[in-house]
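Examination of the molecular architecture
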Amino acid sequence: MKKIIAITLSLVLSMGLLTGCANSSEIADSSKPEGEKTVISLVSTYKLPEFEAALEAAHPEIDLQVETMALGPIYGEVTRRLRNDHGPDLFTTSLPFSELADHTYDLSAEEFVERYQSAITKSTMINGENHYLPLPGGYYGYIINKTILDELNLDLPETTADLLDILQASKEAGLGVSDDTACGFGLSDVGATYLGAYFTANFATDFLSTADGARWISELDVKQASFTGNWEHSVDFIRECIDRGFLDANRMIVFYNGHFETSYNAFKADEYLPRRKAVLTFGNLEAYNTICEKSEDEMLMLPCLPDTENGNKMLSTVSNEYIALNHAVEKDETKFNAAITVLEYLSTEEGQSMWIKDTSCPHSFLNDYSIDLSMLPESIRSYAEKDMIFSNPFPTNLLSYIGKNLTEAAKGTITVEEAMSLIDDYNINGSEEVEYDLSIVGSVAEDMLYENNNTRLMETKVGNLVADAVCETTGADVALVNGGSIRSSFYAGDVTGQDVSAVCPYNNRLVVAEVDGATLREAITNGIQKTWKPAGQFLQVSGLKYSFKPAADETETAELVSLTYSDGTEVKNDDLLKVVYTDYIGGVNGYIDSGDGFTMLNVLDPNTPVKVKLLEETGITYGDALKTYFENHKDEVIKSELEGRIEVID
């Protein structure tokens, strides 16, 4: 039995491709003067000079034009182009998003699809169709500081038990541990898909790579097997690392109310290992090369290790990206045939070799591809040579859900049994909420940061965005969003559903009330009173501008200096405004231990006087409003600037 099974350890996939044989009446007249080349556009994260030159040498009738774009925004930008009929002919992307199926061509009937490992192509299918081809990927394993091992007189590890011994010895000696946590081990990425791939890769060494594991995978495929009763031990190593203080759990995925927070507090492997703040990390070949370039110590890359000596040492790999074909290309027969030719060439050993040269991702998912072992560190060459490689057989959405729940089980947030049950239920029944969390809902032009309690102290870009979304969705004149309800950042590039849920994690529903200017002034004044603390009652706003002098401590009172509309017109006491805010501010839980002191905006607490008129209980949360905002602006790159809405006067 082959020892390749597959670990799609990645954040990678792409969508979209042209549609087969168009009806002759639909094909545009694409006749060209003899000798004129057919231009094929390709959007990629790599420049691809070797591939481009080799392709054009083999097919001089084609002019391949490569546009490079960063991985973060590539999906959102390409999606907008496809929706507006300006998409590239071919494009790469990191994840196989099914929502682009209508814009991408089903390649299932193309012969070259059969050249790829079926476990990989099967895991990326959309409704049984092949919309993506897996591009070459990197290898993943453990990266260890060999110099520190030598200083501790320790041998290279053979099992995960040996890894634990190394971490214990390094911690006791104070070698290869971080200053703030005293931990010596970390993960170079903590995204949900990455973590799912990590757990799966490590579990492959003792189970998934065995005959029993292969049988289990085939039975799971037809819903006749379960994670429960088979996967309980998959979290043992990580949980042991956390329990013994070798791994900082706070550097793994963080949740608020069951939702993801963004993962930018990840273990900085390329900084920690070279500075001897860690002795061990899990990462890919790219991370290994970066660490080696920065470090004066000797580093080694090792395979995933088994729990026992009877297990298999294996590398894991994942497609670095996927390539797809814009289905609109089929309207032009000449261009369509040329695009198919590009994919056909890519699916040859020569085409793969050229792509690998350009990307330095050495593992091809073509069947029986001969890898250039000179590209690999000597410490892992034998595993690649003997096909001791695990490629993930799970669809990316399931892999991400595995990563989410096994991480929580390792951290003790839920039990292992609960994690298994959740994964089984999702595998069988799916989940609209999970699918939304894993989907791309939009893009932002730049970082909108939640950091150092800034949403409780000053105007912020993320605060402006949330307030604008709440205001636009409800049609209010003014929106008030308490800064304590904003709990994460948006980072430049694509935004997922889980990012939106992280920024607005609470189930606070929106109410709309008629508020006069005097009461609005009283509410803003309440919001600024505890910036010395700082407190969550500080208000991010839309439709307003205000300035204030903060209090130095609890003995002072902050002063509201000015309050105007966005155009600079002063808010007068007798103005009547349509104001939207959350039911938390509106008294749904009362004001004894809730409501942040906004009694002047009460509309729901029967024990507090009412000064404003309730116009509507919308039934939607402030997070729902943000989701709607992204949906309404899905063809735009969202921008949010600092506009002087809030001025802090020293």
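Above this text you will find the structure in question.
Anyway, here's the lowdown on the structure attached to this text. This is a predicted model, so every value here is computed, not measured. Per chain, residue numbering runs from 1 following the sequence as it is written. A pLDDT threshold of at least 70 governs which residues receive local features in this predicted model, and a stricter bar of 80 or more applies before side-chain atom pairs are shown or counted, although totals over entire chains, interfaces and linings include all residues. Excluding hydrogens and water, the side-chain values take into account all heavy atoms of the structure.

Only Phe, Tyr and Trp rings take part, Trp by its six-membered ring, and two of them pair if their centres are within 6.5 Å. Stacked means planes under 30 degrees apart, edge-to-face means over 60, and tilted covers everything else. Enumeration over the complete set of coordinates arrives at 25 aromatic pairs. Where Tyr198 meets Phe282, the ring centres are 4.5 Å apart and the plane angle is 70 degrees; that geometry is what we call edge-to-face. Of this pair, Tyr198 sits in helix α6 (residues 192–208) while Phe282 sits in strand β9 (residues 280–284); the two residues are 84 residues apart in sequence, bridging distant segments of the chain. Each residue is placed in one exposure class: buried if its accessible area under a 1.4 Å probe, protein chains only, is under 20% of its type's maximum, exposed if it is over 50%, and partly exposed if it falls in between. According to the relative accessible area criterion, Tyr198 is buried, its value standing at 1%. With centroids separated by 5.4 Å and ring planes inclined at 45 degrees, the aromatic side chains of Phe203 and Phe207 adopt a geometry described as tilted. Residue Phe203 and its partner Phe207 are both found in helix α6; the two are separated by four residues, about one turn of the helix. Accessibility expressed as a relative area gives 9% for Phe203, which makes it buried. Grouping aromatic residues by their ring pairs yields a cluster made of Tyr140, Tyr142, Phe185, Tyr198, Phe199, Phe237 and Phe282. Counting from the N terminus, the helices are the DSSP runs of H or I reaching at least four residues and the strands are the DSSP runs of E reaching at least two.

For the rest of this paragraph, the subject is helix α5 (residues 160–173). The span one expects for a helix is its residue count, reduced by one, times 1.5 Å. End to end, α5 covers 20 Å across 14 residues, agreeing with the expected 20 Å (1.5 Å per residue, within 8%). Burial in α5 covers these residues: Thr160, Leu163, Leu164, Ile166, Leu167 and Ser170. What you see down the axis of α5 is that its buried residues fit within an arc of 160 degrees, all on one side. The inward-facing, buried residues of α5 contact β5 (137–145), α4 (146–151), β6 (185–187), α8 (236–243) and β9. Residue Gly174 follows α5 closely and has a positive phi angle near 70 degrees. For this quantity, the arc is that covered by the directions from the helix axis to the C-beta atoms. By definition, residues are in contact when any of their heavy atoms lie within 4.5 Å.

Before going further, it helps to spend a moment on the nonpolar core. Core analysis: the biggest nonpolar cluster contains 82 residues, and Tyr142, Phe185, Trp216, Phe227 and Trp231 have the highest contact counts within it. Broken down by element, the residue count for this core peaks at 10 residues, all from α6. For our purposes a nonpolar core is just a set of buried Ala, Val, Leu, Ile, Met, Phe, Trp, Tyr and Cys residues, chained together by side-chain atoms within 4.5 Å.

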